[in-house]
Amino acid sequence: MTSQMEKLQQLRDLMMNYGLGLIQGLLVIIVGFLVLRVVVRLLRKFLDRVFPNSKYAATVTNVVGILLALVVIVAASVQAGLPVRPILRLLIVIALAAGGVVVLLRPMVPDLPFKIGNTVKVGGLLGKVEGITFLNTRMRTFDGKTIFVPNRQILDDIVINYHYTPTRRIKINLGIRYDSDLVRAKQILEELMIQDPRVKVTPRPVVYVLALTLDKVELGARCWVPNMKYWVTKCDLLEKIKLAFDREGIRFAHAQVDVYHRTAGPDAGPVAEEDEWA
Amino acid sequence: MKLTEALKTIDQGWVRKYEGYRVRYQRFEDGQLVTGHSPVPEEPPLDSEVSARRLAWKLWKATGGGGDGELVNLVVVDENDDPVPSYVTGKVEVFNRREG
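Residues numbered from 1 in each chain as written. Chains lettered and ligands numbered in written order. Predicted model: local features only at pLDDT ≥ 70, side-chain atom pairs only at ≥ 80, totals over all residues. Heavy atoms only, no water.

Student: Is there a simple way to think about the sheet that holds strand E6 (residues 167-176) of chain A in this case?
Tutor: Note: strands within a sheet are paired through backbone hydrogen bonds, in either parallel or antiparallel orientation. All names here are of chain A. Pairing is antiparallel across the open sheet formed by three strands, whose spatial order is E6-E8-E7. In this open sheet, the two edge strands, each paired with only one partner strand, are E6 and strand E7 (206-212). Sheet twist, expressed as the mean angle between neighbouring strand axes with direction ignored, is 25°. Summarising the sheet, E7 and strand E8 (residues 217-226) pair through six bridges and their orientation is antiparallel. Each residue of the ladder has a partner; that of Tyr 208, found in E8, is Gly 220. Seen against the sheet, helix H6 (residues 230-248) touches E6 and E8 and runs at an angle of roughly 25° to E6. (Pairing = 2+ DSSP bridges. Helix = DSSP H or I, 4+ residues; strand = E, 2+ residues; numbered from the N terminus. Axes fitted to C-alpha atoms, helices over the stretch in contact; angles between N-to-C directions. Contact = heavy atoms within 4.5 Å.)

This is the structure:
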């Protein structure tokens, strides 16, 4: 009973001596971290606006956040009446240990094959990389969706990074009918590609006859364009090809079926034929 | 003729590669037709003929009501200010044609 009374007495003394300081320190911590959060968020927005797609924006924000957190902790310690020097020493030891761990383990951590701002295709998803964290990668698809892909999945998957090569090949395959002018069709395709300002001079645009199938002559047009203009150029070329073929009387092939009507017995030959080409 | 020379000759003499497109238009100012371009010559030209032709068509539709700001004789031109034959018809297309 006496021992418990002594403990309560000690607690009361402790609270009388340090209670106010501890509460003030706690308040400093709470308010400080709330302010820190706002400051970091504003800084991130500012950096994103001034340096869009910069890979250093996140690093700078994190460093500033850590420094501000240290300031808050030290301020709270002072407010609580705790000795500042040992706390600073402890923080320095923690910082050095963390730095050492990062330096030691960095070579063992696999690199993701892209950086912020790159346009990549991962796991069937095409989009622009907006942020990379230790666990996942934030991507924005071209239809406006934000997708978080786990880095583990990225490392296990095939990644296409469109950033490394400045140009990309447009591939257009189409089929024309056997009675269309094949040579003229090839000329039109080549002319349309050469005329376009976005199509590279080298490698030269080329047109091939890819296959002679049952219902069509399959042509393949290939040309190189800047990565950023790939999609629009391809759409423009398709539109121009369609209209140019219409103008020149070159007809696209469609899947066709020949239908025979038999009106007599099983030995009779075809008496009527419907041919879609007719 | 070496093959490289032959290719160079073909590049220079066969199909012309456009450097870009602009829409040339005219408008009446004090009874006179004044010529302008979009994009203006100080800006880079459009690199898509499809976009340039759509721009010309939309400008015509937006201003072709006969009002003060009516744009006439809209035509897609190349970097030398020469009209570009349309990929639709194969001929030079002039939207809202008007004599001066």
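Student: Sorry if this is basic, but what is going on with helix H2 (residues 49-63) of chain B here?
Tutor: Between its terminal C-alpha atoms H2(B) stretches 21 Å, which fits the 21 Å expected from 15 residues at 1.5 Å a residue. All of the buried residues in H2(B) are Glu49(B), Val50(B), Ala52(B), Arg53(B) and Ala56(B). Where H2(B) is buried, its residues contact H6 of chain A together with strand E1 (22-29) and strand E3 (71-77) of chain B. You can read the cap of H2(B) off the contacts: a side-chain oxygen lies 3.3 Å from the backbone nitrogen of Val50(B), and it is on Ser48(B). (Expected span 1.5 Å × (residues − 1). Buried < 20%, exposed > 50% of the residue type's maximum accessible area, 1.4 Å probe, protein only. Polar contact = N/O pair within 3.5 Å; in protein donor to acceptor, adjacent residues only side chain to side chain.)

Student: How should the nonpolar core be read in this particular structure?
Tutor: Generally speaking, nonpolar side chains in soluble globular proteins are found buried as a group. Ranked by internal contacts, the top residues of the largest apolar core, which has 22 residues, are Leu174(A), Ile176(A), Leu189(A) and Phe245(A). Put simply, the parts of the chain that give this core at least two residues each are E6, helix H5 (182-195), E8 and H6 of chain A. When sequence neighbours within four positions are dropped, the list of residues in contact with Leu174(A) reads Leu189(A), Val217(A), Glu218(A), Leu219(A), Ile241(A), Phe245(A) and Phe252(A). Val23(B), Tyr25(B), Leu74(B) and Phe95(B) belong to the second-largest nonpolar core, a separate cluster that totals eleven residues. (Core = buried A, V, L, I, M, F, W, Y, C linked by side-chain atoms within 4.5 Å.)

Student: What exactly am I supposed to notice about the packing of aromatic side chains here?
Tutor: The geometry of an aromatic ring pair comes down to the distance between the two centres and the angle between the two planes. Summed over all chains, the structure comprises three aromatic pairs over all chains. Geometry around Trp60(B) places Lys61(B) over its ring, the cationic atom sitting 4.4 Å from the centre. (Phe/Tyr/Trp six-rings, centres within 6.5 Å; stacked < 30°, edge-to-face > 60°. Lys NZ or Arg CZ within 6 Å of the ring centre and 35° of its normal.)

Student: Got a minute to help me understand the pairing of strand E2 (residues 32-38) of chain B in this structure?
Tutor: Residue and element names in this part refer to chain B. Looking at chain direction, E1 and E2 are connected through seven bridges and run antiparallel. Following the sheet pairing, Phe 28 is matched in E2 by Leu 33. Counting the residues that bridge the hairpin from E1 to E2 gives two residues, and of these Asp 30 lies at a positive phi of roughly 55°.

Student: Looking at this structure, how should I read the environment of Asn73(B)?
Tutor: All names here are of chain B. Within the element layout of this structure, Asn 73 appears in strand E3. Linking Asn 73 and Asn 96, residues 23 residues apart in sequence, is a C-alpha distance of 5.4 Å. In contact with Asn 73, not counting residues within four places along its chain, are Arg 24, Tyr 25, Gln 26, Leu 33, Val 94, Phe 95, Asn 96, Arg 97 and Arg 98. Within the local environment of Asn 73, its side chain forms a polar contact with the side chain of Gln 26, the two groups lying 2.7 Å apart.

Student: How do you make sense of unusual backbone geometry when you look at a structure like this?
Tutor: Note: most residues except glycine have negative phi, and most peptide bonds are trans. In this model, Thr202(A) is joined to Pro203(A) through a cis peptide bond whose omega is -5°. Secondary-structure assignment places Pro203(A) in the loop between H5 and E7. Note the cis peptide between Ser38(B) and Pro39(B), where omega equals -5°. Looking at where Pro39(B) falls in the secondary structure, it is placed in the loop between E2 and H2. Positive phi, normally seen in glycine, also occurs at Asp30(B), with a value near 55°.

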